[in-house]
Amino acid sequence: MADKYNAETIISETHKKISNAFDVFDHESNKTVDVREIGTIIRSLGCYPSEAELHDIIAELEEEEPTGFVRYERFLPTMTKILLERKFRPITEDLLLQAFEVLDQQKKGYLEPEELNRYLTQEGEPFTQEEVEEMLSAAVDPDKNVILYKDFVSMMTIDDHR
């Protein structure tokens, strides 16, 4: 009996979180949000899908004839499943640090801003120049003009013990 109560409580709390996040962007109070806000809503709930994964989620949420809006009744079951399955969790500090260490081929403990810019715009899923500039503004040590990536990784990651 306790397990059933616990499961219902977890689902109820999950639905409340989703509803609260959705409502922030439901500017017309008609249980719809602009499809362009879906990524922001999903990230506000602690999930970080890639752009390709986000595109797939949006395709699942949209109506057969896309209207540019997503209805809450379609968003709720999809987002509940994502949260309960703990999909798209933030990357761990160790894994992020390893990624920077791979880029730091000379093992200097830092990256030059131009170097990181090149990796972010020319490799994998490219960032826009605006995204790169925003990241560099937070990442570059103002005194040394380099990215001390161990410090940056510590600043960027969330301590998630759930």
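Here the residue numbering is sequential within each chain, running from 1 through the sequence in written order. Note on the predicted model: pLDDT of at least 70 is required for a residue's local features to be given, and 80 or more for side-chain atom pairs to be given and counted; whole-chain, interface and lining totals, by contrast, use all residues. Values shown for side chains rest on all heavy atoms present in the structure; no hydrogens or waters enter the calculation.

**Things to note about the overall build of the protein**
Only runs of H or I of at least four residues qualify as helices and only runs of E of at least two qualify as strands under DSSP, and these elements are numbered from the N terminus. Helix and strand counts for the protein come out as 8 helices and 2 strands. Listing the helices and strands of the protein from first to last along the sequence gives α-β-α-α-β-α-α-α-α-α. Computation of the radius of gyration draws on C-alpha atoms alone. For the globule rule, the value is 2.2 Å times the number of residues to the power 0.38. Computed over its C-alpha atoms, the radius of gyration of the protein comes to 19 Å, more than 25% above the 15 Å expected for a compact globule of 162 residues. When the backbone C-alpha atoms are referred to their principal axes, the protein occupies close to 55 × 45 × 25 Å.

**Description of the pattern of salt bridges**
Salt bridges are defined as contacts in which a side-chain nitrogen from Lys or Arg sits within 4 Å of a carboxyl oxygen from Asp or Glu. Taken as a whole and assessed by the stated rule, the structure comprises 7 salt bridges. Asp23 serves as the salt-bridge partner of Lys31, at 3.7 Å between the closest nitrogen and oxygen. For every residue, the accessible area obtained with a 1.4 Å probe (protein chains only) is divided by the maximum for its type, and the residue is called buried under 20%, exposed over 50%, and partly exposed between those limits. Classification of Lys31 by relative accessible area gives partly exposed; the value is 40%. Residue Lys108 is joined to Glu115 by a salt bridge in which the shortest nitrogen-to-oxygen separation is 3.9 Å.

**Digging into the nonpolar core**
One finds Ile18, Ile38, Ile41, Ile42, Phe75 and Met79 to be the most contacted residues of the largest nonpolar core, which totals 23 residues. Of all the secondary-structure elements, those providing two or more residues to this core are α1 (2–25), α2 (38–44), α3 (51–61) and α4 (72–84). Ranked by residues supplied to this core, first place goes to α4 with 6 residues. Once you skip the residues sitting within four places of it in the chain, Ile41 turns out to touch Ala21, Phe22, Phe25, Val33 and Phe75. Among the buried residues, those of types Ala, Val, Leu, Ile, Met, Phe, Trp, Tyr and Cys that are joined through side-chain atoms within 4.5 Å form a nonpolar core. Val132, Met135, Ala139 and Val153 belong to the second-largest nonpolar core, a separate cluster that totals 14 residues. Note on contacts: a residue pair is in contact if any heavy atoms of the two residues lie within 4.5 Å.

**A few points about the environment of Ser137**
Residue position: Ser137 is located in helix α7 (residues 129–139). Separated by 24 residues in sequence, Ser137 and Pro113 place their C-alpha atoms 9.8 Å apart. Residues adjacent in sequence count toward polar contacts only when both atoms are side-chain atoms; beyond that, a polar contact is any pair of N or O atoms within 3.5 Å, and within protein one must be able to donate a hydrogen and the other to accept it. At 2.7 Å, the side chain of Ser137 and the backbone oxygen of Glu134 are in polar contact.

**Examining the UniProt feature "domain: EF-hand" (unreviewed entry) in the protein**
UniProt positions are given in the numbering used here, feature names are shortened, and annotations may be inferred rather than shown by experiment. The feature "domain: EF-hand" (unreviewed entry), as annotated in UniProt, sits at residues 13–48 and 91–126 in this numbering. Counted over residues 91–126, helix gives 58% and strand 0%. Its end C-alpha atoms are 18 Å apart.

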